[in-house]
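Okay, here's what each chain looks like letter by letter:
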Amino acid sequence: MGKLIDVSMPLSSTVPIWPGDTLFAYELTWTKEESGSVNVGQITMSTHTGTHIDAPFHFDSQGERVLELDLDLYAGTALVVDVSGRDCVRPEDLESERLDGTQRVLLKTNSWKDRSVFPVRIACLHESLAPYLFEKGVRLIGVDVPSVDPLDSKELPAHHALHGKGIHILEGLVLDDIEPGKYHLMALPLPLKEGDGSPVRAVLSR
Ligand SMILES: N[C@@H](CC(=O)c1ccccc1NC=O)C(=O)O
Ligand SMILES: [Zn+2]
Ligand SMILES: [Zn+2]
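Just so we're clear, the structure is a prediction, and the values are computed from it rather than from any experiment. (Residues numbered from 1 in each chain as written. Chains lettered and ligands numbered in written order. Predicted model: local features only at pLDDT ≥ 70, side-chain atom pairs only at ≥ 80, totals over all residues. Heavy atoms only, no water.)

S.K.: Even after reading the chapter, I still don't get unusual backbone geometry, so can you show me in this structure?
M.R.: Negative phi characterises most residues that are not glycine, and trans characterises most peptide bonds. Positive phi values are uncommon outside glycine, yet N110 reaches one of about 55°. For N110, the position within the fold is in the loop between strand 7 (104–108) and strand 8 (124–125). Phi is positive for L156, close to 50°, though the residue is something other than glycine. Position of L156 relative to the elements: it lies in the loop between strand 9 (140–143) and helix 3 (157–164). A residue is classified by how much of its surface remains accessible, and L156, at 19% relative accessible area, is buried. (Helix = DSSP H or I, 4+ residues; strand = E, 2+ residues; numbered from the N terminus. Buried < 20%, exposed > 50% of the residue type's maximum accessible area, 1.4 Å probe, protein only.)

S.K.: I would appreciate a short explanation of the UniProt feature "binding site: Zn(2+) 2" (unreviewed entry) in the chain in the present structure.
M.R.: UniProt records the feature "binding site: Zn(2+) 2" (unreviewed entry) for D54, H159 and E171 in the present numbering. Considering the C-alpha atoms alone, the annotated residues occupy 118 residues of sequence yet fold into one spot, their largest mutual distance being 11.3 Å. Here D54 is to be found in strand 4 (residues 52–54). Leaving out residues up to four positions away in the same chain, D54 has contacts with H48, F59, H159, I169, E171, D196 and G197. Position of H159 among the secondary structure elements: in helix 3. When residues no more than four places from it in sequence are discounted, the contact partners of H159 are D54, F59, S147, V148, D149, I169 and E171. Polar side-chain contacts of H159 include one of 3.0 Å to the side chain of D54. (UniProt positions renumbered as here; feature names shortened; annotations may be inferred. Contact = heavy atoms within 4.5 Å. Polar contact = N/O pair within 3.5 Å; in protein donor to acceptor, adjacent residues only side chain to side chain.)

See below:
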């Protein structure tokens, strides 16, 4: 395995968040001076900040929580595909790709240009992508935007269609400098027993 390439968003107080959601905060509970021995920090954040996975419970109250998810979904070969320029990614946009035998597909939409602010508009996935990807054996779809659906969507058609086909969701990847092609992906969620989502440290290697 080659050197690891970080494809995660740094987490700090300036990381953009969903409008109205919990701000990211890191602070010291005790400084070394106070405790006499160590700095001890605490973090406050939404489970959907930065690079993260959605557990089905996020959009389906009967759905699996983070700790119940199969870790193998989040580690293994992944194909990075350039779909930049599409408003809504459809099966025909992937037709020229060799998806068969790739359980993980990462879509480079390039539609989140300024990472210092939450986007106003992003490329989304058409719900017809779910049966198409399922047919190809895909089990995880990753995107370089905060959601697989339009930001103002309440029905979340792509989330539900993907879940209906057992395809799991990874959001907020940073793929700007990543050439399309085949990689190894590792993007493990935290063992959050009740979690509806989890931040991940996502890395690729050749
Ligand atoms: N479904 C979105 C997240 C989402 O909808 C959301 C995330 C944080 C705070 C509020 C949200 N939606 C509220 O209407 C996602 O793709 O993860
Ligand atoms: Zn999410
Ligand atoms: Zn989502």
